[in-house]
Amino acid sequence: NSFVTRTNTCGELRAAHVGQKVTLYGWVQYQRQGLFLVLRDFQGLTQVIIPQDEAHSHVKELLSNAPVESVVRVTGTVSPRPLGQENPKMPTGDIEVKAETAEILNSCKKLPFEIKDFIKKSEALRMQYRYLDLRSFRLQSALRLRSRVVMRMREYLCNLHGFVDVETPTLFKRTPGGAKEFLVPSREAGKFYSLPQSPQQFKQLLMVGGLDRYFQVARCYRDEGSRPDRQPEFTQIDIEMSFVDQAGIQRLIEGLLQHSWPEERGSIMIPFPSMTYEEALAEYGTDKPDTRFGMKIVDISDVLRGSNIHFLQNALSYPSASIRAICIPQGVRYLTNKDLESLKESAKSQFNQEIMEIIRRPDGSLKSLLTKFLGEKEQSELIQTLNMQEGDMVLLAAGEHKQVCSALGALRLLSANLLEAAGLALRDPTAFHFLWVVDFPLFLPKAENPTELESAHHPFTAPHPSDASLLYSDPTKVRSQHYDLVLNGNEVGGGSIRIHSAEQQRFVLEKVLKEDSEVLSHLIEALEFGAPPHGGIALGLDRLISLIVDAPSIRDVIAFPKSFRGRDLMGNAPDYVTPEELEPYHIQVAWPLEEKEAKKN
């Protein structure tokens, strides 16, 4: 209560304060029949008794008529609640304040929605009136936890480990590859700035500059259009170090998260487990596995390789082909025929992958279109390999390895959702399972032209030391020194050891990626002036906090987020500007025909 005119907050009064005269400020949460009201501020609630005697009639009239969410000042005496009227659910439930004087500082007009967490309101309405939504306990709690976590991270990095907090520019130039960037016009005709999708180049240049350890709570921008789990502007904890290897970065981040982890969420154990990209794909069908539950993908190629089933033999004729399956526990009991059909349809529409089911009956026998083609030995091996229990359901896929694994990985998550919706407890909502995924490929074929390559992450990632020679002979086989941090099936961080050789960086850009290295001439030149070996990582702060507080969306942990379509519904941005305002930037808008007609009308 320093610097302000209140004596106490609405969440701190207890029985020990009985008899004290206090002044409270807050919002009217609730008022009942002119007898009492509940006053709310950022810290909690206090019950205020409205005086009924003639001497305080003006106070009674004022507080009885104050609309909900009006801002008021109340001065009064702390009293114990009458016996039997205590409220153990409220921290201030043993006391009440008997009002003596009051003032309405600002009356509230009719609200577009009630400020209560349990009242459902559309996300569009919440974002249009974000300043009202911010009054909710849920959002207040999330933003305050976020602030505490960031403060502890600063303490760990700067105070305990000598990192330097450096702000890098927001106006820069476009970076080849990666996400699409926002353009900002300049007053030089035809020249544009780009908003950086990350401070990647700057943090590497800081290492060339000898800062040794850099850190920043960085604002980043990506023009990715409509993505439910993304924002066009977002925040990351950005880190870079000189003379470090992959293990060093991983130890730093494990210590950072353990130090900053909120006590009320339990403790996290370090070191985090690690698996390679190939292992993650083979066992979970994704590079961000949710390891809170089993149902791993199992290779059953050897069991069925000798079978006479035509479609399996046909699938195995492809290069890098396999037969794989997941076993859904108690699938017969918890999944309906409609659920099964939706799983099959999902695999077909998303991955062009056919799925066959196998059920183990209560008597131990198998039920499937495949069983008539399988001998007793094969059926027994299948049950043993998949550890099938009575009532379990197996989903089987055959074909090209990556396609099969990706399809089964998606079905694994969809099945888990269906099982939990039907009442089977599968994933502990209070558990936090961290995982490092390493040894990613350095390059991937371009989706639009598979004969050309693109960086799996970004063009500054160094090749794995064991694969360095392959960079010049067969770049498709090169593993990278990239590492992702995964939490409960969500990527919350990613980083790499960087290329610190100008020659190698130029080769990657020009020969492998076929990019114009001139765009990055400043960085390549910097690498020629004694650049130290260096590496780093960025943690996605928005997603990390949303997982910690179990928020359904990252928008629930950002004070002023953009909508699903990237719009600010409160301030109505982006907005039109006049031709006169565009003139200094040498820009004219080419309106689509339908918008031209709409503007005329």
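Residues numbered from 1 in each chain as written. Predicted model: local features only at pLDDT ≥ 70, side-chain atom pairs only at ≥ 80, totals over all residues. Heavy atoms only, no water.

Draft legend 1. Fine view of the overall build of the chain. What the chain contains, in helices and strands, is 19 helices and 22 strands. Each principal axis of the C-alpha atoms in the chain carries an extent, and together these give about 95 × 75 × 65 Å. Looking at the chain residue by residue over its 601 residues, the buried ones come to 47%. A separation of at least 24 residues holds for 67% of the contacts in the chain among residues at least 6 apart in sequence. (Helix = DSSP H or I, 4+ residues; strand = E, 2+ residues; numbered from the N terminus. Buried < 20%, exposed > 50% of the residue type's maximum accessible area, 1.4 Å probe, protein only. Contact = heavy atoms within 4.5 Å.)

Draft legend 2. Summary view of the layout of surface pockets. Of the pockets and cavities examined, the second largest pocket occupies roughly 1,100 Å³. Taken together, 39 residues make up the lining of the second largest pocket; nearest its centre are L183, P574, D575, Y576 and V577. Only strand 7 (183–185) and helix 18 (579–582) provide two or more residues apiece to the lining of the second largest pocket. In terms of residues, the lining of the second largest pocket owes the most to one element, helix 18, which gives 3 residues. Each residue belonging to the lining of the second largest pocket can be placed in one class, and the counts come to 18 nonpolar, 7 polar and 14 charged. (1 Å grid on protein atoms, 1.4 Å probe; cavity = no way out; pocket = protein on both sides within 12 Å on 5 of 7 lines; lining within 4 Å. Points joined across faces, edges and corners; volume = space filled by probe spheres on them. Nonpolar A, V, L, I, M, F, W, Y, C, P; charged D, E, K, R; others polar.)

Draft legend 3. Region of the structure containing a nonpolar patch on the surface. Judged by side-chain polarity, Y131, F560 and M570 come together as a nonpolar surface patch covering roughly 300 Å² of accessible area. For M570, the location among the structural elements is in the loop between helix 17 (541–548) and helix 18. (Patch = residues over 30% accessible without salt bridge, like charges linked within 9 Å, V, L, I, M, F, W, Y side chains within 5 Å. Areas by Shrake-Rupley, 256 points an atom, 1.4 Å probe, with all protein chains shown as cover. Salt bridge = Lys/Arg side-chain N within 4 Å of Asp/Glu carboxyl O.)

Draft legend 4. Focus on the packing of aromatic side chains. Counted by the stated rule, this structure contains 10 aromatic pairs. Taking 4.9 Å as the distance between ring centres and 80° as the angle between the ring planes, the aromatic pair formed by W261 and F432 counts as edge-to-face. With W261 in the loop between helix 6 (246–260) and strand 11 (274–276) and F432 in the loop between helix 13 (401–421) and strand 17 (434–438), this residue pair connects regions lying 171 residues apart in the sequence. With respect to burial, W261 and F432 carry one shared label: buried. With a centroid separation of 5.7 Å and an interplanar angle of 75°, the aromatic rings of W261 and F434 are classed as edge-to-face. (Phe/Tyr/Trp six-rings, centres within 6.5 Å; stacked < 30°, edge-to-face > 60°.)

Draft legend 5. Summary view of the environment of H58. Among the structural elements, H58 can be located in helix 1 (residues 57–64). Overall, H58 belongs to the exposed group, its relative accessible area being 53%.

Draft legend 6. Inspection of the domain arrangement of the chain at higher detail. Its domain assignment divides the chain into domain 1 (15–106), domain 2 (141–275 + 434–556) and domain 3 (293–422). The C-alpha centroid of domain 3 is placed 63 Å from the C-alpha centroid of domain 1. (Domains from an automatic or database assignment.)

Draft legend 7. Main features of helix 12 (residues 376–386). Where helix 12 is concerned, the buried positions are E378, Q379, L382, I383 and L386. Across the axial projection of helix 12, the buried residues extend over an arc of 135°, all falling on one side. Facing away from the buried side of helix 12, by more than 90 degrees, are the exposed residues E376, K377 and Q384. Buried residues in helix 12 make contact with strand 12 (298–299), helix 8 (301–304), strand 13 (321–328), strand 14 (356–360), strand 15 (366–367) and strand 16 (393–400). Phi turns positive one or two residues past the end of helix 12, at N387, with a value near 50°. (Arc of directions from axis to C-beta.)

Draft legend 8. Fine view of the sheet that holds strand 5 (residues 95–106). Reading around the barrel, the 5 strands line up as 1-2-3-5-4 and close back on themselves, with mixed pairing between neighbours. Each strand axis lies, on average, 55° off the axis of its neighbour in the sheet, ignoring direction. Strand direction decides the pairing type here: strand 1 (residues 21–32) and strand 2 (residues 36–40), joined by 5 bridges, are antiparallel. Paired with Y30 across the strands is V38, a residue of strand 2. Lying on the sheet, helix 1 is in contact with strand 1, strand 2, strand 4 (71–80) and strand 5; it crosses strand 5 at an angle near 75°. (Pairing = 2+ DSSP bridges. Axes fitted to C-alpha atoms, helices over the stretch in contact; angles between N-to-C directions.)

Draft legend 9. Structural context of the nonpolar core. Counting 40 residues, the largest nonpolar core has I239, I253, L257 and L485 as its most contacted members. When contributions to this core are tallied by element, the ones reaching two or more residues are helix 4 (137–161), strand 10 (233–242), helix 6, strand 17, strand 20 (482–487), strand 21 (490–497), strand 22 (534–540) and helix 17. The element best represented in this core is helix 4, accounting for 7 residues. Once residues within four sequence positions are removed from consideration, L485 is found in contact with I253, L257, F272, F434, L435, W436, N490, E491, V492, G493 and L539. Listed in part, the 24 residues of the second largest apolar core include Y334, V404, C405 and L419. (Core = buried A, V, L, I, M, F, W, Y, C linked by side-chain atoms within 4.5 Å.)

Draft legend 10. Examining empty space enclosed by the protein more closely. Under the criterion given, the structure shown has 2 cavities of 30 Å³ or more. Approximately 60 Å³ is the volume found for the largest cavity. Lining the largest cavity, in full, are M127, R130, F560, P561, D568, L569 and M570. A breakdown of the residues in the lining of the largest cavity according to their chemical character gives 5 nonpolar, no polar and 2 charged.

Draft legend 11. Molecular detail of the pattern of salt bridges. Scanning all chains against the criterion turns up 36 salt bridges. Among the ionic pairs, R135 bridges to E69, the shortest N-O distance being 2.8 Å. On the criterion of sequence distance, the pair formed by R135 in the loop between helix 3 (130–133) and helix 4 and E69 in the loop between helix 1 and strand 4 is long-range, its members being 66 residues apart. E240 serves as the salt-bridge partner of R498, at 2.8 Å between the closest nitrogen and oxygen. Taken together, the residues span a long stretch of sequence, with R498 in the loop between strand 21 and helix 15 (502–512) and E240 in strand 10 at a distance of 258 residues.

Draft legend 12. Spotlight on the packing of helix 4 against helix 6. Contact pair helix 4 / helix 6: the axes reach a minimum separation of 8 Å and the direction vectors enclose 130°. By the criterion of interaxial angle, the relationship of helix 4 to helix 6 is oblique. For the pair helix 4 and helix 6, the crossing hand works out as right-handed. Together, V149, R152, M153, E155, Y156, L157 and L160 of helix 4 and L252, G255, L256, L257, H259 and S260 of helix 6 make up the contact between the two elements. Split by residue class, the contact of helix 4 with helix 6 holds 8 nonpolar, 3 polar and 2 charged. (Parallel < 35°, antiparallel > 145°, perpendicular 65-115°, else oblique. Left-handed = near helix turned anticlockwise from the far one by under 90°.)

Draft legend 13. Quick look at the side chain of Q201. Mapped onto the secondary structure, Q201 falls in helix 5 (residues 200–208). Within polar-contact distance, the side chain of Q201 engages the side chain of H522 at 2.6 Å. In this structure Q201 touches F172, T175, F460, L520, H522 and L523, once residues within four positions along its chain are discounted. (Polar contact = N/O pair within 3.5 Å; in protein donor to acceptor, adjacent residues only side chain to side chain.)

Draft legend 14. Broad picture of the side chain of R427. Tracing the backbone shows R427 in the loop between helix 13 and strand 17. By relative accessible area, which is 15% here, R427 ends up buried. At 2.6 Å, the side chain of R427 forms a polar contact with the side chain of N417. A polar contact is formed between the side chain of R427 and the side chain of E420, at a distance of 2.8 Å. Setting aside residues no more than four positions away along its own chain, R427 makes contact with D290, R292, F293, A416, N417 and E420.

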